[in-house]
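What follows is the residue order along each chain.
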Number of protein chains: 2
Amino acid sequence: MIELDTMDRAILRALVADATQSASALGRKLGLSQPATWRRIRRLEEAGVITGRRLELDAEKLGFGVTVFLGVKLATKGRVSLEDFERAISAIPEVQTVEHILGVFDYRLRVVARDITDFERILRRRIMMLPGVGDVEANVLLSEERRPGPIG
Amino acid sequence: MIELDTMDRAILRALVADATQSASALGRKLGLSQPATWRRIRRLEEAGVITGRRLELDAEKLGFGVTVFLGVKLATKGRVSLEDFERAISAIPEVQTVEHILGVFDYRLRVVARDITDFERILRRRIMMLPGVGDVEANVLLSEERRPGPIG
DNA sequence: ATTGAAATGTAGGGGAT
DNA sequence: ATCCCCTACATTTCAAT
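Residues numbered from 1 in each chain as written. Chains lettered and ligands numbered in written order. Predicted model: local features only at pLDDT ≥ 70, side-chain atom pairs only at ≥ 80, totals over all residues. Heavy atoms only, no water.

- Identification of chain A as Transcriptional regulator, AsnC family protein from Roseovarius nubinhibens is taken from an unreviewed UniProt entry.

A short note on the UniProt feature "domain: HTH asnC-type" (unreviewed entry) in chain A
- Residues annotated in UniProt with the feature "domain: HTH asnC-type" (unreviewed entry) correspond here to residues 4–65 of chain A.
- With 53% helix and 13% strand, residues 4–65 of chain A has end C-alpha atoms that lie 41 Å from one another. (UniProt positions renumbered as here; feature names shortened; annotations may be inferred. Helix = DSSP H or I, 4+ residues; strand = E, 2+ residues; numbered from the N terminus.)

Points about the pairing of strand 4 (residues 107–113) of chain B
Residues and elements named next belong to chain B.
- The buried fraction of strand 4 amounts to seven of the seven residues, a majority that puts the element mostly inside the structure.
- Residues of strand 4 alternate between two faces, with Tyr107, Leu109, Val111 and Ala113 on one and Arg108, Arg110 and Val112 on the opposite face, all of them buried.
- Summarising the sheet, strand 2 (residues 66–74) and strand 4 pair through seven bridges and their orientation is antiparallel. Within strand 4, the position partnered with valine 72 by the bridge is tyrosine 107.
- As paired strands, strand 3 (residues 95–103) and strand 4 are joined by five bridges and run antiparallel to one another. By the bridge assignment for strand 4, valine 95 is matched with valine 111.
- Taking the residues that link successive antiparallel strands as the turn, the strand 3-strand 4 hairpin has three residues. (Buried < 20%, exposed > 50% of the residue type's maximum accessible area, 1.4 Å probe, protein only. Pairing = 2+ DSSP bridges.)

Structure, rendered in structure tokens:
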């Protein structure tokens, strides 16, 4: 575990708000030189606090107008079942996120489809064919808001 | 809706895989000049296909070891209820994502907490106090995998 | 007071936009 | 042409001795 001081947190907060700004622009805001800012960012990356920079795409503009969250219960839950399921699901490109969870369901999947017809095809021919799938619950995404979340 | 050709899709695929690479490096891979690559990227941004670049943080390294997905049903679902709920939830910093959904639940929330004790506090004093909250379902995140998702 | 570690600043080259 | 990333090197700060 790494120690984060006030300046590190300020940098993280600023970059979460706008990941495109340069180290020099950020340094000016925080009263720090460009190399000092850059070195702190790199240290945060090396420490694994910053895990990456991700491109955000508009799924609708790409022709995927439907996003569905699926809760999945496995019928049988041995170690092999989990591995089989995870291996099989990696072959479905429409699955954007696989979350292994504990609670009412075993997995949560974020699935995109061109439209509802396309989604039915994915659900019936792909999701339902996954090994060990038991109960499935679906929720259609209407809108989504991402918040910065707590830093320190 | 914008028309995307094969090159646009190749650019998007490459940038989704690695959002840090420069336009020139990307152009070399795709057999395109650097300015041509850069103009295409900017065009994709202006068209709203690329909506932004987001910093990915490791919540655990920030001291938030627990992530929970909450499904929320509202007790009353008029227009005012939705607005009240969304306004109230924006005051809870531990809520990272608010998804308005259609199906078994009305909202899905991604919530981070320092530990289970901290989560209980957030659940009882914050989430359960939200206006109009009915049924709540919880799933604890064990692990998560993000996949590139389909482009074309 | 002195030393050593850590972080900062200035300056400059190389590359990208 | 401008801006940014990145390294090198000298300087400062601060804690511990």
